[in-house]
Structures are given as structure tokens and as C-alpha cells.
Amino acid sequence: MSTLSATSAGREFLVFGRLEMAASTEAPEPWYLALLGFAEHFRTSSPPKIRLCVHCLQAVFQFKPPPRVEARTHLQLGSVLYRHTKNSELAQTHLEKAWFISQQISQFDDVKFEAASILSEFYCQQNLVDSAKPVLRKAIQISQQTPYWHCRLLFQLAQLHALEKDLVSACDLLGVGAEYARVMGSEYTRVLFLLSKGMLLLMERKLSEVHPLLTLCGTIVENWQGNPIQKESLRVFFLVLHVTHYLDAGQVKSVKPCLKQLQQCIQTISTLHDDEILPTNPAALFHWLPKEHMCVLVYLVTVMHSMQAGYLEKAQKYTDKALMQLEKLKMLDNSPILSMFQVILLEHIIMCRLVTGHKATALQEISQVCQLCQQSPRLFTNHAAQLHTLLGLYCISVNCMDNAEAQFTAALQMTTHQELWTFIVTNLASVYIREGNRHQELYSLLERINPDHNFPVSSHCLRAAAFYIRGLLSFFQGRYNEAKRFLRETLKMSNAEDLNRLTACSLVLLGHIFFVLGNHRESNNMVVPAMQLASKIPDMSVQLWSSALLKDLNKACGNTMDAHEAAQMHQNFSQQLLQDHIAACSLPEHNLISVSTTSVTQPINSESVHPAWIFKRNDCVIGDRTMKLETALCQLAGFHSVHSYTHLGHWGIMTGF
């Protein structure tokens, strides 16, 4: 957050108190200055001496101070108790008194609305949402003559409704804020409200409303002549919505121009210096994300794109950069949004590891995600389904099919999001196909993800994966012509949007079908490009499969040297995967495959390690679909509460200066 942020100044509650005293027409009493000075000293000590700070503030009441000082001191005490202690009951008492007393005092807006904001935040943390709403509504009602606070409180109440998944109410409030900002002459804040509303509309899949709104925002941003950093940050916000919308639809190729604009935009921002002059319009005292957070965000959406496109080495490169930047930021800032970024990056890189044949590393990173979620109940709530999904994918990779089924089933019970549901069902279907004796369950699933009829989501990538699953099933059932039809449909769709992993999987399976049919020439025409593409990704499972086919193909055609070379490749891939398989199953984290929904973030019992499982060729893991991020990734009204409408989560909406 900017060092000029009024939110930062407001959160430094004692500094905030001194600033207001300086503006007061009456000089403060010496005893008050002394006590406040001591309290500030203790609070800012290293380490902070919070108990002594509280004692100094409590001593103020011994002098029976006037209402202004009394209300401000209650606010300061409530804030420090809330943020630095576990004494929630006493914190609540002081914050409620600050809010009550300040309402009786005229021209006392900063203390009054700060008290309302922090009290509402406190209520939400204590799961007293029904208590927070009336406070915010009352504060919004009486703050219309105070533009900064009116906008900030609207953002905060919208965030609260979004956390409850009441997106209609949240959109209504953001619409009110946009109109208020327009009336107050702040086009900048108007766009912040509109883009935040656009994010929620995307979450509701109201695309007919989203497109004109984003078009309006694009026009306003391009025509707005203001602070360069503010303008570029609006463009980043705008482009992030576009990029994640494309990725959500599985349109990896179509998104490239927009992603390139986003990357250029963040480069421009990184060269700009912060303008230390605050906007003169109080309604414009907001920003979206700090520059450093925006850089991580652009890395993140680049990883998402690379993962979905099958450029896994590129995904690894940008993940490493983003995680390094995150570690630096977290040393200075414990904002929950940074942990959220870290979890999302890990979710994506875990899927990359499973594809590239690094299961042991993937398992350790799954454990890391569990530990991060253990530190935040809200983070775990928002990512529990993703965690079980990742564990299910890991179970497939080590051939623990019963555990994979259990993990996917748990994930399905924990999500209402259609894209994640479809992704899980697609992978669960692959489990049933491999088990070979779950026909009733399999056909029930396939009816619900029929790519030819009423497919449940609009995602291009997921629909292509559904065709692949149909082709895989037809192959195992010996219905080769039907399998070829499904796989050619997958190829057509994956080639249209550069879905490289689905392309490689489809090619090698087609090659296998042609080999079984005795058409060695066509088989070779499929398997060779499959191997080349799998090497580029790189996808160890497809390389293993392709090398086995090439060995048999060349042997059947009498190409002894080529058959020997392919056999050597196959042996190398087998050894690498087997060693990684044994290493993964020997880790204490392997116990995570058996955990229940309620214990997924509990400490791992290192004394009960599963034995290494017999290695089999992993030929049908569907990992081409990235867990998506469809958010404006913003922060709302100075607190960074986390809410997930999707499997990757959604941030709040704004941060006040």
C-alpha cells in the first residue's frame, strides 16, 4: 500500500489521533499528550509492548475526558485490542462505545466512520455478519456529505455481501457507488466501482451485462487524463478481467493479444514513480493494488495461461519469479491477499509437476498449501475443494484409484462452481475408465458431461477434454471408429486454441488406435508429432506412452535401429517415473491421500507411511484444464478479506488511500 494511504494513516490509530488533535481549535491537556505519547511509544517499540500501551490509553478515562477524547480513545483501544490481542470481548466493547459516542458529536466524521468500519470488520471476523450490516448501512446513510468515507463504506458493505455470495446486493451497491462517484466528479473512482461490478457480473455469468459495462470502462479509462499510475492501474484491472474471462472460457489462443497488453502495462507501471501529491477530490482517495502486488498478479495470470496452453517450463519460470517476489513482500506485509496469491500459484505449479513427472515435489507443495490454509480458516474454506482435487490428481498419478475416487467425491461435495465441478467429474470419469468395472457410475457421469448435448459449462477446454474422455472410453471398449470421431473432435478444438497437452494426448491415443488396427503408417503420423509435442511441454506420461508405441511400430516395420532407440527412450522414461513414484510414496506427506474432508489440514503422521505402490503407465490423467482465476483481485475498504466464488478464489474489492 502507498505510504500516502489515508488507510495506512487511519490504521496507525495513535498517529491518527494526534493528527486530529493538531487540527482541533482547543489545545489538548498536557496529561492527555503525555499518556498518548507513552502509548504510541509502547505500541511502536520493537517488539511492541501492547499491554503497557493499553494501560496508558485506559488511564485517559481516569481524567473524565470530554466526549471527543473519550470516543477517540475508545476507538484507539478497540483497534489495538482487536489487532494485537485475543481479548475480543473487550475490543468489541470499546469499538461499540466509540461508534455510539461519536454519532452524538457533530463534525467528527473521521472517528465516527473509522469506528463504524473497524467495528463492522470485527463483527465479520467474529462471524457476526448480521451485526455488521446495520452498522455499515447506518454509516453509509449519514456519510453522504463525506465522499471518501461514503465510497469506502459502500465498498466495504459490497465486500460483505460478496463474502456471503449475495452478488446481486453487492452489484447494486457498486452501482450506487459508481453513480455517486460520477456525481462527485471522480471518473477514476467511478471506474473502480464499475470494474468491481464487472467482476461480480462475470462471477454470475451475466455476460450480456458484462460486455457493455467493460466497453464503457475501456472508453472512460482511455479518455481519462489523470495520475499516470492510477490510469495504468485501471488498465491492469480492466485487462485482468478480460484475460481471466478468456482463460475461464478455455480460449488460450484468443487471449494472447490481451495478455500481451497486460504484460506491457505492468512494465509501464514499474517504470513510473509514485506521485506523492494526493488527489484533491476526496472521492478519488482510493487505489486498487500496490504496484508490487500487481506485478505478482500479472505473473499469476501468465502462469495460468502457460499451464492451460501446455507451456509448463514457462509456467515454472514465472511461478519461481512470483513466489520469490511474494516472499519479499510477506516479510513486510502480512496481507491475506499475498497468501491467496501464493496458494493459487502453488495450485497451478502442482498440476505442472504432476504432468512433468515430479510427483514427490508436487506432493510436498500440496502439503505446503495445506499448511497455508491451516493458518487461515477462510482460506481453507475457499480452497478445500481445490485441495481435494489436487490430491485426487496426485492419487491418479501414483495409481491409487480408490483414494482418487474418495478425494474427487469429497471435492464434488464441497463446490457449487460449475467449471470446477466439470473438471472434477472429467477426471473422476478417467478413474472409472481405468478401473474397468464401474460402468453404472461411469455412464451416469458421462451423461452429465456430454460434449455433444447440453454441456454444463461454456469452457472450450473442458468440452475438448470431455470429447477426449469419450474417445478414451471407446478405445478401451474396442469401438475404434467411434473413438476416432471423438478424438478428432478433441484435436480440432485443441488446435483451435493451442491446448497443447490435449493435442498430444489425442495424437498418441489415435496413434495407438491405428497401431491396433494395423495401420502403421497412420500410427507413425500420429505418434511422432505426439512425442515432439510432449517433449516440448514436457509431458512425461505422453513421452512414455509415445516411446512404447514407437518401439513397437519400428519393430513391426523392421526398423531395428529405430526400435532400439525408442526402447532405450522408453526405459529412461520408465526409470525416471518409477524413481519419482517411489520417492513420492515414501514421503510422510503421502498420508494425505487418505485424509478426510475435515482433517486435510491436520499435521501429517510421519510414522505411518504407505508402501510404494506398483508402478503402472499413467496414460489418462486430464490435467490440461487450469484452475481458473476469474476475479478483479481487488481489496475492499482497507481489509483484505478473502472470498472464493471459484476454485481459485476471489479477493475483495478496494482499498482506500
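Model, not experiment: these values are computed from the prediction. (Residues numbered from 1 in each chain as written. Predicted model: local features only at pLDDT ≥ 70, side-chain atom pairs only at ≥ 80, totals over all residues. Heavy atoms only, no water.)

A few words now on the overall build of the protein chain. From N to C terminus, the protein chain includes 28 helices and two strands. A buried classification covers 60% of the 657 residues belonging to the protein chain. In the protein chain, the proportion of contacts linking residues at least 24 apart, taken out of those at least 6 apart, comes to 67%. Counting only carbon and sulfur atoms, one obtains 52% of the accessible surface of the protein chain, whose full area is about 26400 Å². (Helix = DSSP H or I, 4+ residues; strand = E, 2+ residues; numbered from the N terminus. Buried < 20%, exposed > 50% of the residue type's maximum accessible area, 1.4 Å probe, protein only. Contact = heavy atoms within 4.5 Å. Areas by Shrake-Rupley, 256 points an atom, 1.4 Å probe, with all protein chains shown as cover.)

The subject of this paragraph is the packing of aromatic side chains. For the structure on display, the rule yields 16 aromatic pairs. Summarising the aromatic geometry, the rings of Phe38 and Phe42 are spaced 6.4 Å apart at their centres and angled 20° between planes, so their arrangement reads as stacked. Separated by four residues within a single helix, Phe38 and Phe42 lie in helix H3 (residues 30-43), roughly one turn from each other. Taking the centre distance of 6.3 Å and the plane angle of 45° together, the rings of Phe113 and Trp149 count as tilted. Taken as a pair, Phe113 in helix H7 (residues 109-125) and Trp149 in helix H9 (residues 147-163) lie far apart in primary sequence, 36 residues in all. Each member of the pair, Phe113 as well as Trp149, is classed as buried. Ring-pair connections join several aromatic residues into one group, and the members of that group are Phe113, Tyr148, Trp149, Phe155, Phe193 and Phe286. (Phe/Tyr/Trp six-rings, centres within 6.5 Å; stacked < 30°, edge-to-face > 60°.)

Viewed as axis vectors pointing N to C, helix H19 (residues 377-397) and helix H20 (residues 401-413) meet at an angle of 165°, and their least axial separation amounts to 8 Å. With respect to each other, H19 and H20 are oriented roughly antiparallel. The crossing of H19 and H20 is left-handed. Together, Ala385, His388, Thr389, Leu391, Gly392, Leu393, Cys395 and Ile396 of H19 and Met401, Asn403, Ala404, Gln407, Phe408, Ala410 and Ala411 of H20 make up the contact between the two elements. Its residues assigned to classes, the contact of H19 with H20 comprises ten nonpolar, five polar and no charged. (Axes fitted to C-alpha atoms, helices over the stretch in contact; angles between N-to-C directions. Parallel < 35°, antiparallel > 145°, perpendicular 65-115°, else oblique. Left-handed = near helix turned anticlockwise from the far one by under 90°. Nonpolar A, V, L, I, M, F, W, Y, C, P; charged D, E, K, R; others polar.)

Here the focus is the environment of Cys217. For Cys217, the position within the fold is in helix H12 (residues 207-223). Between the C-alpha atom of Cys217 and that of Leu195, which follows or precedes it by 22 residues, the distance is 7.1 Å. Non-local contacts of Cys217, meaning those with residues more than four positions away in its chain, are made with Val191, Leu194, Leu195 and Phe238.

It is worth spelling out the nonpolar core at this point. Core analysis: the biggest nonpolar cluster contains 217 residues, and Leu195, Val236, Leu262, Trp288 and Tyr394 have the highest contact counts within it. Element by element, the count of residues in this core is highest for helix H17 (residues 336-356), at 14 residues. For Leu195, the contacting residues outside a window of four places in its chain are Leu214, Cys217, Leu234, Phe237, Phe238 and Leu241. (Core = buried A, V, L, I, M, F, W, Y, C linked by side-chain atoms within 4.5 Å.)

Of note, Lys165 is situated in the loop between H9 and helix H10 (167-183). The exposure class assigned to Lys165 is exposed, which follows from its relative accessible area of 54%. Remark: the alpha-carbon pair of Lys165 and Leu200, spanning 35 residues in sequence, is separated by 9.8 Å.

Each turn of an α-helix holds 3.6 residues, which means side chains three or four residues apart point in the same direction. Ile50, Cys53, Val54, Cys56 and Leu57 are the residues of helix H4 (residues 50-59) that are buried. Along H4, the residues classed as buried sweep out an arc of 160° about the axis, all on the same side. (Arc of directions from axis to C-beta.)

Another aspect to go through is the state of the cysteines. Taken as a whole and judged by the stated rule, the model has zero disulfides. For the unlinked cysteine Cys400, the closest cysteine sulfur is that of Cys585, found at 5.7 Å. What makes Cys400 buried here is its relative accessible area of 3%. (Disulfide = S-S within 2.5 Å.)

Our focus in this paragraph is the confidence of the model for the protein chain. On average, residues of the protein chain score 84 in pLDDT, and 86% of them reach the 70 mark or higher. Element-level mean pLDDT values for the protein chain span from 30 in strand S2 (residues 655-656) up to 96 in helix H24 (residues 480-496). Low pLDDT (under 50) marks residues 1-25, which in the prediction has 64 contacts with non-local residues, meaning those over four places away or in another chain. A low-confidence stretch, residues 601-657 (pLDDT under 50), is modelled with 272 contacts involving residues beyond four sequence positions or located in other chains. (pLDDT = per-residue confidence, 0-100.)

Right, let's talk about the side chain of His161 for a bit. Take His161: it is sitting in helix H9. Residue classification places His161 among the buried residues on the basis of a relative accessible area of 6%. Apart from residues lying up to four places away in sequence, His161 is in contact with Lys133, Arg137, Asp166, Ser169, Ala170 and Leu173.

Time to look at the side chain of Ser459. Along the chain, the position of Ser459 falls in the loop between helix H22 (439-448) and helix H23 (460-476). Separated by 3.4 Å, the side chain of Ser459 and the backbone nitrogen of Cys461 make a polar contact. (Polar contact = N/O pair within 3.5 Å; in protein donor to acceptor, adjacent residues only side chain to side chain.)

Moving on to H24. Look at H24: 24 Å from first C-alpha to last across 17 residues, which is about the 24 Å you get at 1.5 Å a residue. For H24, the full list of buried residues reads Ala483, Lys484, Phe486, Leu487, Thr490, Leu491, Met493 and Ser494. Check the buried side of H24 and you find it contacts H23 and helix H25 (500-516). Downstream of H24 by a residue or two, Asp498 has a phi angle that is positive, lying close to 55°. (Expected span 1.5 Å × (residues − 1).)

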